[in-house]
Amino acid sequence: MEIDVYLAKSLADKLYLFQYPVRPSTMTYDDVNHLAAKIKPKQQRVELEMAINTMSPNYCRSKGEQIALNVDGTAYDETNTYSAKLMDKQTFSSIQATTNTSRYAAAVFRKGELHVTPLTGILQMRPSFSYLDKADNKTREREAANEGGDSSQDEAEEDAKAITVRFARPESEQARQRRIQSYEFLQKKQAEEPWVHLHYHGVKDGRSDHERQYLFCQSVDASENSELVKTPKEYLAMLMPPLAEEKVVKPVGPSNVLSMAQLRTLPLGDQVKTLMKNVKVMPFANLMGLLASGTDSTSALRCIQQVALLVQGNWVVKSDVLYPKNTCSPHSGVPAEVLCRGRDFVMWRFTLERSVMRKEITSIIKLPPEDVKEFLEHVAAPRVNRGWEFLLPTDVDFIKKHPDVAHRQHMLWLGIQSKLEKVFNFSKEDFMPKNSPQPGPVHVSGEQRLKVAQERARENQSSLQKDLDTKRAGSSVHVKQEPVSDREDEPMDTSSPSSSAIPNGSVNGYPSATSPSFDHTNGNGGSPANTSSPELQDFVIKTFRKHFVVTLNEFKRLLNLHLASMPVGRSVFHSISDHMLQEAILLSHCKQIMVPFPAQTTAAADEQKVFGLWETGEEFDKHRRLLFDLFTKNYRVRRNMIQAKLAQELGEVSKAEIDRLLNECCSSHAGMWYLKGTIQS
């Protein structure tokens with residue numbers, strides 16, 4: 001079947017498609033009374049005023065009156081938005097759905113012929129709430145009037161004061177371009193175009209029927225429709241035009257905004273330079289992610305060294321790229337050469353330490369505060385009581401992977417340092433700490449944290465496991481082996497000196513180092529009670545049956561509370577070392593959970609030793625063991641991870657079982673679940 005296609009041109013430069021995205025297609029505005037219409041042809045901006053059915057049962061009359069009162073006030077004026085003192089109309093304002101309508105047309109089909117008319121614009125009509133802005137202005141005017149009325153005449157007749165007169169410097173070309181691209185300037189230009197008022201004709205109006213006839217081609221002569229008469233080769237070229245001839249309509253936007261698609265059409269060097277100018281500081285891995293897939297990392301590395309310097313393993317854009325020659329500061333007018341020296345000093349300081357103080361920087365480079373703040377905002381963020389801290393963690397991986405690049409950059413910084421020392425008259429030793437330098441915080445990945453924590457836990461547990469194996473073997477000779485460590489485990493004092501006013505030699509339930517029987521030898525001084533007593537074993541079992549998960553620090557606190565509650569002289573425990581406590585816990589069907597705490601954790605060593613009840617003889621033991629296994633891989637997990645793990649290993653698990661498990665073993669904070677006692681303050 002063949003259909004003849006005709007191109008109608010009568011309405012080609014004035015045909016718009018209106019869309020109403022806030023209402024379904026079944027609820028049209030065809031039967032709504034249109035009160036006014038106006039257009040700005042150059043901007044393709046349209047506004048329509050439509051009446052609101054105030055007699056509808058869905059219309060709230062009190063709200064309508066209140067809105068009209070807020071917008072227009074009590075006085076009657078011809079400029080009032082709502083002359084009836086009631087919100088009886090609403091305004092629809094348009095936005096362009098697309099800036100390129102060359103591929104869109106309106107078509108009508110009649111008597112086996114298809115008539116096509118190109119669209120001038122596609123506009124989406126949405127409700128306008130400009131009346132709310134008018135209401136806010138009215139409120140501010142009333143408040144200003146009230147404040148002005150309250151002021152006395154004496155206040156109006158204040159003494160004359162001296163003022164400082166400043167003359168604006170001539171506007172540079174760069175500043176003029178920024179002003180032209182600013183939002184305020186664009187708004188002003190848009191407001192300059194006058195509105196053209198229109199007459200609205202409904203769908204069923206006679207004038208509308210007359211205009212609709214122009215959608216049909218007025219001449220069916222093929223010679224006048226030459227646009228649609230093409231040879232097969234020409235038609236194919238229209239369907240698939242050559243790439244070189246393809247024209248992309250750029251969206252209206254600031255001149256310094258570049259899309260990723262446009263960016264990737266540039267040479268690699270320009271891509272890297274543009275990205276660094278916009279981002280300021282970036283790890284090399286992130287840069288490779290922004291470049292097109294398949295980009296050679298060696299070429300990218302060569303390009304980035306031309307426009308950036310290495311600071312703590314990350315790339316920071318060079319100062320002369322941000323401040324080219326013969327330019328000046330937009331804040332203070334300082335020449336670019338002076339800005340580059342000041343910014344280089346800030347970057348050099350960050351090669352020495354993580355944080356710097358803004359006052360110290362300002363006192364040395366002697367630039368206006370606005371410029372110094374801009375330097376710091378490029379590469380750092382303010383921290384309470386720590387000054388400005390470098391934005392990104394040290395990229396140790398890059399330094400290890402590219403030692404030659406790191407060494408070359410180090411030599412460059414030495415050259416920059418020597419120049420800065422001459423300009424600002426300082427030496428590197430002025431910024432070195434007086435005491436022995438402390439290593440900065442090392443940022444490591446989650447896998448590295450897990451590995452370190454597991455190794456640390458294995459070392460602590462090795463000696464405990466040996467003692468446990470010896471006991472289970474029933475060995476008659478017990479040799480106590482303490483873990484090798486840089487510090488000694490402080491034992492708990494569990495004796496009850498008769499001369500002490502505080503029970504069990506503890507202060508607020510915690511052991512005191514000044515107690516007469518405090519064992520500073522960690523149980524190695526020949527104490528007769530170095531083995532786990534039945535009373536201690538019984539206390540361990542009761543504690544873990546109640547709490548299920550306990551840190552060593554929390555267990556010592558609970559034991560001290562238990563001892564403090566006993567009558568004086570009734571204590572059955574003697575001096576107990578941490579090693580003995582851990583041994584007693586492991587003998588009570590419990591196991592140590594090797595939680596991978598983060599490297600920067602503030603938890604003490606006792607708080608990082610976490611023990612959980614492993615075996616009770618119940619079916620629910622399987623649930624706890626799977627949960628403990630999850631916490632050996634991360635120190636915090638989400639509920640859905642726990643649920644997925646249980647479902648994978650045990651099949652369908654009810655919500656009540658998961659709630660019980662979390663209630664027994666975990667605590668929640670900020671949407672994450674932690675083992676009890678491991679939430680960091």
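Residues numbered from 1 in each chain as written. Predicted model: local features only at pLDDT ≥ 70, side-chain atom pairs only at ≥ 80, totals over all residues. Heavy atoms only, no water.

- Under an unreviewed UniProt entry, the name given to the chain is RNA polymerase III subunit E, and the organism recorded is Dicentrarchus labrax.

### Describing the pairing of strand E7 (residues 113-118)
Phase 1: Across four bridges, the pairing between strand E1 (residues 4-7) and E7 is parallel. Within E7, the position partnered with Leu-7 by the bridge is Val-116.
Phase 2: In terms of strand pairing, strand E6 (residues 105-110) meets E7 through six bridges, oriented antiparallel. Counted as the bridge partner of Arg-110 is Glu-113 from E7. (Pairing = 2+ DSSP bridges. Helix = DSSP H or I, 4+ residues; strand = E, 2+ residues; numbered from the N terminus.)

### Structural notes on unusual backbone geometry
Phase 1: Positioned with a positive phi, Asn-326 is a non-glycine residue whose angle comes to about 70°.
Phase 2: Of note, Asn-326 is situated in the loop between helix H12 (319-322) and helix H13 (336-352).
Phase 3: Asn-326 sits in the exposed class, given a relative accessible area of 72%.
Phase 4: A positive phi angle is found at Lys-366, which is not glycine, with a value near 55°.
Phase 5: Among the secondary structure elements, Lys-366 is positioned in the loop between helix H14 (358-365) and helix H15 (369-379).
Phase 6: Classification of Lys-366 as exposed rests on a relative accessible area of 64%. (Buried < 20%, exposed > 50% of the residue type's maximum accessible area, 1.4 Å probe, protein only.)

### Some remarks on the sheet that holds E6
Phase 1: The mixed open sheet is built from three strands, whose spatial order is E1-E7-E6. Since the sheet does not close on itself, it has two edges, and those belong to E1 and E6, each with one partner. Sheet twist, expressed as the average angle between the axes of neighbouring strands with direction ignored, equals 25°. (Axes fitted to C-alpha atoms, helices over the stretch in contact; angles between N-to-C directions.)

### Side note on the packing of aromatic side chains
The geometry of an aromatic ring pair is captured by two quantities: the separation of the ring centres and the angle between the planes.
Phase 1: This model, assessed by the stated rule, comprises 15 aromatic pairs.
Phase 2: Ring geometry for Phe-345 against Trp-348: centres 5.9 Å apart, planes inclined by 40°, an arrangement best described as tilted. With Phe-345 and Trp-348 both in helix H13 and three residues apart, the pair spans about one turn of that helix.
Phase 3: For Phe-345, a relative accessible area of 0% corresponds to the buried category.
Phase 4: Exposure remark for Trp-348: the relative accessible area of 1% places this residue in the buried category.
Phase 5: On the basis of an interplanar angle of 55° and a centroid distance of 6.1 Å, the ring pair of Tyr-635 and Tyr-674 is categorised as tilted. Highlighted residues: Tyr-635 in the loop between helix H22 (621-630) and helix H23 (639-650) and Tyr-674 in strand E22 (residues 672-675), separated in sequence by 39 residues. Here Tyr-635 and Tyr-674 have matching classes, each one buried.
Phase 6: Through successive ring pairs, a cluster of aromatic residues spans Tyr-20, Tyr-29 and Phe-92.
Phase 7: Residue placement shows Lys-38 over the ring face of Trp-195; its charged tip is 4.7 Å from the ring centre. (Phe/Tyr/Trp six-rings, centres within 6.5 Å; stacked < 30°, edge-to-face > 60°. Lys NZ or Arg CZ within 6 Å of the ring centre and 35° of its normal.)

### Observations regarding the pattern of salt bridges
Phase 1: For the structure shown, the criterion picks out 27 salt bridges.
Phase 2: Here Arg-660 makes a salt bridge to Glu-664, at a shortest N to O gap of 2.8 Å. Of this pair, Arg-660 and Glu-664 both sit in helix H24 (residues 655-665), four residues apart, which is roughly one turn of that helix.
Phase 3: Taken together, the shared-partner salt bridges in this structure form one network comprising Glu-618, Asp-621, Arg-624, Arg-660 and Glu-664. (Salt bridge = Lys/Arg side-chain N within 4 Å of Asp/Glu carboxyl O.)

### Regarding a nonpolar patch on the surface
Phase 1: A cluster of nonpolar residues, Tyr-235, Leu-236, Met-238, Leu-239 and Met-240, forms a patch on the protein surface that exposes about 600 Å² of accessible area.
Phase 2: Structurally, Tyr-235 can be placed in helix H7 (residues 232-239). (Patch = residues over 30% accessible without salt bridge, like charges linked within 9 Å, V, L, I, M, F, W, Y side chains within 5 Å. Areas by Shrake-Rupley, 256 points an atom, 1.4 Å probe, with all protein chains shown as cover.)

### Brief notes about the sheet that holds strand E12 (residues 314-317)
Phase 1: With antiparallel pairing, three strands are arranged side by side in an open sheet as E10-E12-E11. What marks the edges here is a single partner per strand, and that holds for strand E10 (281-282) and strand E11 (308-311).
Phase 2: Where E10 meets E12, two bridges bridge the pair, whose relative direction is antiparallel. Residue Val-281 lies in a different strand from E12, and its bridge partner there is Val-316.
Phase 3: Across the sheet, helix H17 (residues 403-424) lies against E11 and E12, angled at about 100° from E11, the strand it touches most. (Contact = heavy atoms within 4.5 Å.)

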